[in-house]
Amino acid sequence: MATRPIEIGPAGIRTARNIERLRLARGLSQQQLAERCTALGRPLTNTALSRTERARRRCDVDDLVTIATALGVAPASLLPVSLAAPRG
């Protein structure tokens, strides 16, 4: 029985972009952020982080909280404010 791939929706894609944006704003490489997450007790490889940022891997709540902590932000700051298309 083949398994169906898990689709990542708009909230997941925006969260992935926010992780990358904040990582780059802090001048961190994926390896450095992965090492910070591992030091916080949530082992994360740079490959897993890369796949998360490219929305090829789901970011579960434990990953989200650890990544946010490693970036020095509240977990909510990684989540999209709205899924509505911007106006204007």
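It should be noted that the structure appears before, not after, this text.
Engineer: Could you clarify how one ought to interpret the side chain of Thr-15 in this entry?
Structural biologist: On the secondary structure map, Thr-15 appears in helix H1 (residues 10–25). In this structure Thr-15 comes out as buried when scored by relative accessible area, which is 7%.

Engineer: Could you clarify how one ought to interpret the state of the cysteines in this entry?
Structural biologist: Think of a disulfide as a covalent bridge from one cysteine sulfur atom to another cysteine sulfur atom. Evaluated as defined, the whole model comprises zero disulfides. Just so you know, Cys-59 is unpaired, no disulfide at all, and the nearest cysteine sulfur is the one on Cys-37, 9.1 Å from it.

Engineer: What should I look at first to understand the packing of H1 against helix H4 (residues 61–71) in this one?
Structural biologist: Helix packing geometry: the angle between the two helix axes and the distance between the axes. The N-to-C vectors of H1 and H4 enclose an angle of 20°; their axes lie 10 Å apart at closest approach. Considering their axes alone, H1 and H4 lie roughly parallel with respect to each other. Handedness of the H1/H4 crossing: left-handed. Each of Thr-15, Ile-19, Leu-22 and Arg-23 in H1 lies in contact with H4, whose residues at this interface are Leu-64, Ile-67 and Leu-71. Considering only residue class, the contact of H1 with H4 consists of five nonpolar, one polar and one charged.

Engineer: Sorry if this is basic, but what is going on with the nonpolar core here?
Structural biologist: General note: in soluble globular proteins, nonpolar side chains tend to be found buried as a group. Residues Leu-33, Ile-67, Leu-71 and Leu-78 are the most contacted members of the largest nonpolar core, which totals 15 residues. Elements supplying a minimum of two residues to this core: H1, helix H2 (30–39), helix H3 (46–53) and H4. If you tally residues by element for this core, the top one is H4, at five residues.

Procedures and definitions
- Residues numbered from 1 in each chain as written.
- Predicted model: local features only at pLDDT ≥ 70, side-chain atom pairs only at ≥ 80, totals over all residues.
- Heavy atoms only, no water.
- Helix = DSSP H or I, 4+ residues; strand = E, 2+ residues; numbered from the N terminus.
- Buried < 20%, exposed > 50% of the residue type's maximum accessible area, 1.4 Å probe, protein only.
- Disulfide = S-S within 2.5 Å.
- Axes fitted to C-alpha atoms, helices over the stretch in contact; angles between N-to-C directions.
- Parallel < 35°, antiparallel > 145°, perpendicular 65-115°, else oblique.
- Left-handed = near helix turned anticlockwise from the far one by under 90°.
- Contact = heavy atoms within 4.5 Å.
- Nonpolar A, V, L, I, M, F, W, Y, C, P; charged D, E, K, R; others polar.
- Core = buried A, V, L, I, M, F, W, Y, C linked by side-chain atoms within 4.5 Å.

The quantities given are spatial measurements derived from coordinates; they are silent on function.
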